[in-house]
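# Remarks on the overall topology
What follows is each chain in one-letter form.
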Amino acid sequence: MSIEEIIIDKVRILPPDKQQEALDFVEFLLAKMQKQELSAQEIKSGVSAFTLAQEYIRCVEAATDLSTNKDYMDGYGS
C-alpha cells in the first residue's frame, strides 16, 4: 500500500471538521513548497533586486537628492 493510499484511508475515518483541517494542512504544505520553488528559481536565474524593482523605478516624482532640499533637512542635527 502506498503512502497516498494510507493517507486516503485514514482521512476517510476522520469526521468532516478534521478532514477540513487535514485539507488545510495539505494546502499549507503545497503553498510552502511552491514558495520555495519560486525562490530557488529566482536564485538560479540570477534575478537581481534591481531587475525586480525596475517597474517601480521613477513611478513617484520627488527631488533626486533630498539632502539639497533645505526644508527637508530642518530639525535634523543641532
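Just so you know, the residues in each chain are numbered from 1, in the order the chain's sequence is written. In keeping with the model being predicted, local features are shown solely for residues with a pLDDT of at least 70 and side-chain atom pairs are shown and tallied solely at 80 or more, while totals for entire chains, interfaces and linings include all residues. By convention in this description, side-chain values take in all heavy atoms of the structure and omit both hydrogens and water.

### Description of the overall build of the protein
As a reminder of what qualifies: Each helix corresponds to a stretch of at least 4 residues labelled H or I by DSSP, and each strand to a stretch of at least 2 residues labelled E; elements are numbered beginning at the N terminus. Summary of the burial criterion: residues with accessible area below 20% of their type's maximum are buried, those above 50% are exposed, and those between are partly exposed, where the area comes from a 1.4 Å probe applied to protein chains only. Surface accessibility follows the Shrake-Rupley procedure with a 1.4 Å probe radius. Residue values consider only the protein chains on display as shielding.
Along the protein, the regular secondary structure elements total four helices and zero strands. Its helices and strands in sequence order give the protein the pattern α-α-α-α, from N to C terminus. Residue burial in the protein is summarised as follows: out of 78 residues, 0% are buried. In the form shown here, the protein has an accessible surface area of approximately 7,600 Å², with 59% of it arising from carbon and sulfur atoms.

### What to know about the pattern of salt bridges
Rule in force here: Salt bridge, as applied in this entry: a Lys or Arg side-chain nitrogen positioned within 4 Å of an Asp or Glu carboxyl oxygen.
If you walk through the whole model with that rule in mind, you get two salt bridges. Residue Arg12 is joined to Asp9 by a salt bridge in which the shortest nitrogen-to-oxygen separation is 3.9 Å. Within this pair, Arg12 and its partner Asp9 are both found in helix 1 (residues 3-13), separated by three residues, close to a single helical turn. The exposure class assigned to Asp9 is partly exposed, which follows from its relative accessible area of 34%. Of the charged contacts in the structure, one is a salt bridge between Glu21 and Lys18, with a shortest N-O distance of 3.3 Å. Taken as a pair, Glu21 and Lys18 lie in helix 2 (residues 16-45) at a separation of three residues, close to a single helical turn. A relative accessible area of 46% places Glu21 in the partly exposed class.

### Remarks on a nonpolar patch on the surface
We apply this condition: Patch membership requires more than 30% relative accessible area and the absence of a salt bridge. Residues of like charge join within 9 Å; the nonpolar side chains Val, Leu, Ile, Met, Phe, Trp and Tyr join within 5 Å.
A cluster of nonpolar side chains, contributed by Phe25, Phe28 and Leu29, occupies part of the molecular surface with about 300 Å² of accessible area. For Phe28, the location among the structural elements is in helix 2.

### Quick word on the confidence of the model for the protein
To keep it simple, the criterion reads: Each residue gets a pLDDT score, which is the predictor's confidence in that residue and runs from 0 to 100.
Per-residue pLDDT for the protein averages 81, and the proportion of residues at 70 or more is 79%. No element of the protein has a lower mean pLDDT than helix 4 (residues 70-73), which averages 69, and none a higher one than helix 1, which averages 95.

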